[in-house]
Amino acid sequence: MTPYLAVLGARFRMLLQYRAAALAGMATQLFWGLIRAMIFTAFYRAATGPQPMELAQTIDYVWLGQAAFAMLPWAIDGEIRQMIRSGAVAYELVRPVDLYTLWYFRALASRGAPTLLRATPVLAVALLCLGLRPPASAAAGAAWALAMVGALLLSGAVSNLLHVSLMWTITGEGIAQLVQVAVFLLSGLIVPLPLYPDWAQTAIAWLPFRGLADLPFRLWAGHLPPTALWSVLAQQLGWTLGLALFGRWLLGRGLRRLTVQGG
């Protein structure tokens, strides 16, 4: 475990250096968060019937989504992409470590470090002057924090699947864009999942994407009670384990057919 933690720590420290990029990203998230908050406010004011979430809970949901945007698995690690395209992945194979686990810890750092840089100021500004409320209770705040750890683990497993898929594609842009659309639509980042029609709720409940954003956000907002944390973690960790096993199997198949040419 020591080499993987070393990789995680080194990459985390490296990514924490990009403060200017984080500042630009924070400004972008605040801008889009304001737009989305205004859209949902207009929607609630025009609605004639009861909604599955209160407006205040929806506003909380919007700002939490903006704060955690960088944690979602919507991009491929450029270094891994170049490594596979150039054949330099051969150097990874001679290291005395497990390749899947190595990439998984890289993915955790790639998702976690930018989120830490952006989320703290976004949450602070939103709490102070943009309508984000504190967690519904101390228990809700603790449940949200633990669920966000589960969301990061799940995000790493999805990200690793994208990396493994590069062994069958040229650039990986196609599969990355498909996964990006699925993540944004089905995690609740665009529209909170409780606002989806009833006929879609069953399918959404069985997919892994809600564990990336929807469930932790609803714990913060009080839409789910803190006691729901255990079922949330069970779903997140279950999907993480399932996707990790599938990714490891897929990586094994890819390595068996891998051909690296050159001297």
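Everything in this summary refers to the structure shown in the same document.

Details of a nonpolar patch on the surface
Part 1: Together, Tyr 91, Leu 93 and Val 94 make up an exposed nonpolar region whose accessible area comes to about 360 Å².
Part 2: By the secondary structure assignment, Val 94 is in the loop between helix H5 (89–93) and helix H6 (99–129).

Digging into the side chain of Gln 66
Part 1: One can find Gln 66 in helix H3 (residues 55–67).
Part 2: At a separation of 2.8 Å, a polar atom in the side chain of Gln 66 contacts the side chain of Gln 29.

Focus on the nonpolar core
Part 1: Membership of the largest hydrophobic core comes to 34 residues, with the highest contact counts inside it found for Ile 84, Trp 103, Val 183 and Leu 251.
Part 2: Secondary-structure elements contributing two or more residues to this core are helix H4 (78–86), H6, helix H7 (138–165), helix H8 (173–186) and helix H11 (229–256).
Part 3: If you tally residues by element for this core, the top one is H6, at 7 residues.
Part 4: Look past the residues within four positions of Val 183 in its chain and what remains in contact with it is Leu 72, Pro 73, Phe 209 and Leu 212.
Part 5: Met 71, Ala 151, Leu 193 and Trp 220 belong to the second largest nonpolar core, which has 27 residues in total.

Let's talk about the packing of aromatic side chains
Part 1: Within this structure, the stated rule accounts for 8 aromatic pairs.
Part 2: Note on Tyr 104 and Phe 105: the rings are 6.1 Å apart at their centroids and 85° apart in plane angle, and the pair reads as edge-to-face. One exposure class covers both Tyr 104 and Phe 105, and it is buried.
Part 3: Here a set of aromatic residues connected by ring pairs shows up, and it is made of Tyr 100, Tyr 104 and Phe 105.

Considerations on the side chain of Thr 115
Part 1: Along the chain, Thr 115 turns up in helix H6.
Part 2: Apart from the residues lying within four places of it in its own chain, the contact partners of Thr 115 are Ala 67, Ala 68, Ala 70, Met 71 and Thr 120.

Focus on the environment of Pro 225
Part 1: When you line up the elements, Pro 225 lands in the loop between helix H10 (214–221) and H11.
Part 2: Relative accessible area serves as the criterion here: at 42%, Pro 225 is assigned to the partly exposed category.
Part 3: Considering only alpha carbons, one finds Pro 225 and Ala 140, 85 residues apart in sequence, at a separation of 7.1 Å.

Overview of H8
Part 1: Here H8 contains 14 residues, and its C-alpha end-to-end distance of 20 Å stays within 8% of the 20 Å for a straight helix at 1.5 Å per residue.
Part 2: What H8 keeps buried is the set Ala 176, Val 179, Val 183 and Phe 184. Each buried residue of H8 sits inside an arc of 130° when the element is viewed along its axis, so together they form one side. Facing away from the buried side of H8 by more than 90 degrees, the exposed set consists of Gln 177 and Leu 178.
Part 3: Tucked inside the fold, the buried residues of H8 contact H7.
Part 4: Looking at the residues trailing H8, positive phi occurs at Gly 188, about 100°.

Here is what the cut-offs are and how they apply
- Residues numbered from 1 in each chain as written.
- Predicted model: local features only at pLDDT ≥ 70, side-chain atom pairs only at ≥ 80, totals over all residues.
- Heavy atoms only, no water.
- Patch = residues over 30% accessible without salt bridge, like charges linked within 9 Å, V, L, I, M, F, W, Y side chains within 5 Å.
- Areas by Shrake-Rupley, 256 points an atom, 1.4 Å probe, with all protein chains shown as cover.
- Salt bridge = Lys/Arg side-chain N within 4 Å of Asp/Glu carboxyl O.
- Helix = DSSP H or I, 4+ residues; strand = E, 2+ residues; numbered from the N terminus.
- Polar contact = N/O pair within 3.5 Å; in protein donor to acceptor, adjacent residues only side chain to side chain.
- Core = buried A, V, L, I, M, F, W, Y, C linked by side-chain atoms within 4.5 Å.
- Buried < 20%, exposed > 50% of the residue type's maximum accessible area, 1.4 Å probe, protein only.
- Contact = heavy atoms within 4.5 Å.
- Phe/Tyr/Trp six-rings, centres within 6.5 Å; stacked < 30°, edge-to-face > 60°.
- Expected span 1.5 Å × (residues − 1).
- Arc of directions from axis to C-beta.

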